[in-house]
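# Coordinate inspection notes
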Amino acid sequence: MTSLNVWDIHGGIHPPECKELSNRTPIQRPPLPARLVVPLVQHLGAPAEPCVTLGERVLKGQKIAEAAGFVSAPVHAPTSGTVSFIGPQPYPHVSGMLSAAIVIDSDGQDEWIELHPQPHYRAVQPDQLLEQIRQAGISGLGGAGFPTAVKLNGPPSREIRALIINGTECEPYITADDRLMREKANELVAGIEILAHLIQPEQVLIGIEDNKPEAIEAVRTAVGDRRFMVKVFPTKYPSGGEKQLIQILTGEEVPSGGLPADIGMLCQNVGTCVAIHDAVLLGKPLISRITTLTGEALARPMNVEALIGTPVADLLAFAGLDAARLNRLIMGGPMMGYTLPSMDVPLIKTTNCLLASTLTELPPPPPALPCIRCGECAEACPASLLPQQLHFFALGQEHEQLKAYNLFDCIECGACAYVCPSSIPLVQYYRAAKGEIRELEQKQQKAEHSKQRFELRQERLRRAEEQKEADRKARAERAAKAKAAQAEASSIPNQDDPVARVQAQKAGLSEQQKKLKIEASMAQVALKKAEKQLAIHATPELEAQVAELRTASASAQKALDEAAGPAEASPAAPPANDEAAKKAKIEAAMLRAQVRKLEKLDARDADQDAELSRLQAQLTEAEKTLATLQDTAPATPAKPANDDAAKKAKIEAAMLRAQVRKLEKLDNRDADQDAELNRLLAQLTEAEKTLATLQDTTPATPANPANDDAAKKAKIEAAMLRAQVRKLEKLETRDVDQEAELSRLRSQLSQAELAPATPRENKPAAKTPDDEALKKAKIELAMKRAELKKAEKAGAEEAQLSKLRDALASAEQALHDAEAQSGKPAPGLVRTDKQPIDEQTRTLKTEVAFARADLRKLERDDNGDPAAIERAQARLSDAERKLQEHT
């Protein structure tokens, strides 16, 4: 069915067609290439993702890359062979940049996968048919490369009234669609029928220019009596544009910034229709296309049906390329194509033409001249734009003006640049301006997205803070209610309640009873730990140690029972206002800390001054309340007269000592810091003298239990060893010396952890004046040594260093004299021979450590599996045996 009712478009040009070079011979099939480079980006949208691995053998038509999104398309193997590379490869783009691709080495067999055609497609659901088209990897073959399945799957609200088949092929030199319509007219009509079945349009229009009489006749014959309308219209460039073809065939215009679907139109290229026929009726994916090889640099211009991924160099060699005559190699036509930077690029789905031109055929354009405002470009523009204004706005980067003048309606056909007497490359300016606008819009979208995320995060944090505050208040209220209830319950004790009786007994424990209870608990814990070790490693030493610990535990429990006996008869009631006094002390301390914090600020504002005044008033009130409570409190056993003073002196000396150490650690101190250090050292000396005086005048206190001081020293020693072990364990790479040191420290730590529970019979000797003199001599020596180190670091003069060295020598002599007077033996020098260990020993020790750690972890687990513990014990025994045999 033929119709002559066509419309004209605005503008347009008539460049030399030059189609007779390649449309005289049938479509040829080039030889199978030895290597195919299949890019993952051959369409608009997201790149495909590989689904094959390196070295895998693939068959012809097998999917090798999956679609990575809704607007994407899969990629298939053009022939059978082996995947030899997956990664960046040359890509047909004007930038010359590489792109991800899959390289297949052909095996020459061209073996197909099993195909699944759908000859009865009318009985298939439309969604299933669309999915088959999508899985075939079909994208628009007219040049844009938009995935066909996405284009067909429009929203239900957009009803398609007309299906338009584009057989225009208006660009000079290109004849691929012409030869396809001549030789594959039946396949073309079958593909159109599939499209019509899918979208159910009111009419189907096939548009062909009148410079293709053979193609027109072939299509008319294939259409026959079908209700497809073949429309022939005069040749004009660029009538093959989507919007221009719709206007020519229907007289309707696509609105600015809109799509053909907005007015109920859908366009498809004739090559895409044939690909749909192959995918549905034959089950074949899109792995080849018809491409025009033309130009005066070729001896045999022709059209070929080439496999996707075929190197361009192979195709040009097949067409008889004369490299000496080649000037420019263009992918596409002379109007909208682009120059390829290399012949190593592969053929892709949108490659409709390879133009090998000579210098005389397509000479370089002359240098651009200033615009003369002739208006020829406006008359030639098929989109009815004002190219000269767009040019000026692009030069000035006036993006808002460019959008106001509908820059994005430009189809980049090149008609304006073709007619420009000043030879201005207008299209290149428009492309650059579009890229700048898109980039700015993307940045703006990212900024807006970041702003929204920030605001949402701030709102989330605010809600979380409010929830925390509400939870805190709820906890405080619950605690206050519980405390009030407890106080009310304790004010009326129930003699029949055993819990109340035990609590009353706990409240009446004396200091001596508390210490005895702690000692009994520590002895019991040490006994249980030793019994566990004995169960794992039964040795005579451990058995003896367990026996001693049992005796010590029994003695401690007996002492506790004897001390608790008379206390149970008449438990001492705590003072009535003891809790109130404690609360008042705590409140006063907290207020005092807040006052000090505000007083330390160099520059306070009005709010901070007001807050300071309020806190000072509250502190005064709290101190008065505390004094009142202390006055009304019952008399307690008097402490030694200077006991509190000694405690304060100790605390003050410790704080000064910490400040001195902090300043001494600084590598580079200024004058102010040195002055501060000297002041602190003087204060520290004075504080230590005051402390010594107070300790000398302090009356004797009741002796601690026999092993109290020893247990404290053992705890401190274990803590120090534990810290050293952790420090070494944190090192990522340890040398031989560090490994030996770590093993030694672990051994000492194991012994120290067992030591606190072992009672010692010898009581610590009381301190004497000679001990105090020895302590002062040690402090003086440490201070002199620090002063000398500081002077050496600061680069002091030799005279000053000599004085400091003499002072250090005098301090050392004073220490020796004090040690002699104290009667204590001089500390012996212990040298540790850290022999290097071999790699096998290190491996065995590491295995022992891991086995011991795993066993301890299982033993700490209350629900541990006995079988797992036995296996861990066996593993540890085996590791220790191997280490002992090796060493």
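Above this note sits the structure.
Because the structure is a prediction, the values reported are computed rather than measured.

About the criteria used
- Residues numbered from 1 in each chain as written.
- Predicted model: local features only at pLDDT ≥ 70, side-chain atom pairs only at ≥ 80, totals over all residues.
- Heavy atoms only, no water.
- Helix = DSSP H or I, 4+ residues; strand = E, 2+ residues; numbered from the N terminus.
- Buried < 20%, exposed > 50% of the residue type's maximum accessible area, 1.4 Å probe, protein only.
- Contact = heavy atoms within 4.5 Å.
- Areas by Shrake-Rupley, 256 points an atom, 1.4 Å probe, with all protein chains shown as cover.
- Salt bridge = Lys/Arg side-chain N within 4 Å of Asp/Glu carboxyl O.
- Patch = residues over 30% accessible without salt bridge, like charges linked within 9 Å, V, L, I, M, F, W, Y side chains within 5 Å.
- 1 Å grid on protein atoms, 1.4 Å probe; cavity = no way out; pocket = protein on both sides within 12 Å on 5 of 7 lines; lining within 4 Å.
- Points joined across faces, edges and corners; volume = space filled by probe spheres on them.
- Nonpolar A, V, L, I, M, F, W, Y, C, P; charged D, E, K, R; others polar.
- Pairing = 2+ DSSP bridges.

## Side note on the overall build of the chain
Across its full length, the chain carries 26 helices and 17 strands. Expressed as a percentage of its 887 residues, the buried residues of the chain come to 38%. Counted over contacts in the chain with a minimum sequence separation of 6, partners at least 24 positions apart contribute 72%. With an accessible surface of roughly 51,500 Å², the chain has 53% of that area assigned to carbon and sulfur atoms.

## A closer look at the pattern of salt bridges
Evaluated as defined, the whole model comprises 35 salt bridges. In this structure, the salt-bridge partner of Arg852 is Glu880, at a minimum N-O distance of 3.3 Å. Of this pair, Arg852 sits in helix H25 (residues 839-860) while Glu880 sits in helix H26 (residues 866-886); the two residues are 28 residues apart in sequence, bridging distant segments of the chain. Between Glu885 and Arg881 there is a salt bridge, with its nearest N and O atoms 3.0 Å apart. Taken together, the residues span about one helical turn, with Glu885 and Arg881 both in helix H26 at a distance of four residues. Judged by its relative accessible area of 57%, Glu885 is exposed. The exposure class assigned to Arg881 is partly exposed, which follows from its relative accessible area of 39%. Each member of the salt-bridge network shares a partner with another, and the members are Glu459, Arg462, Arg463 and Glu466.

## Digging into a nonpolar patch on the surface
Together, Leu54, Phe85 and Ile86 line one region of the surface with nonpolar side chains, adding up to about 260 Å² of accessible area. Since its relative accessible area comes to 31%, Ile86 is described here as partly exposed.

## Regarding empty space enclosed by the protein
Under the counting rule described, the total for this entry stands at two cavities of 30 Å³ or more. In terms of lining, the largest cavity is formed by 14 residues, of which the most central are Cys381, Cys410, Cys413, Cys416 and Tyr430. Where the lining of the largest cavity is concerned, the elements lending two or more residues are helix H10 (387-395) and helix H12 (415-419). Partitioned by chemical class, the residues of the lining of the largest cavity number 12 nonpolar, one polar and one charged. Approximately 30 Å³ is the volume attributed to the second largest cavity. Forming the boundary of the second largest cavity are Ser72, Ala73, Ile133, Arg134, Ile138, Pro147, Thr148 and Ala149. Elements with a contribution of two residues or more to the lining of the second largest cavity: helix H1 (126-135) and helix H2 (148-152).

## Details of the sheet that holds strand S4 (residues 57-58)
Taken in spatial order, the four strands make up an open sheet running S2-S8-S7-S4, and their pairing is antiparallel. The open sheet is flanked by strand S2 (35-39) and S4, the only strands paired with a single partner.

From the geometry alone we can't say anything about function, so treat these as descriptive.
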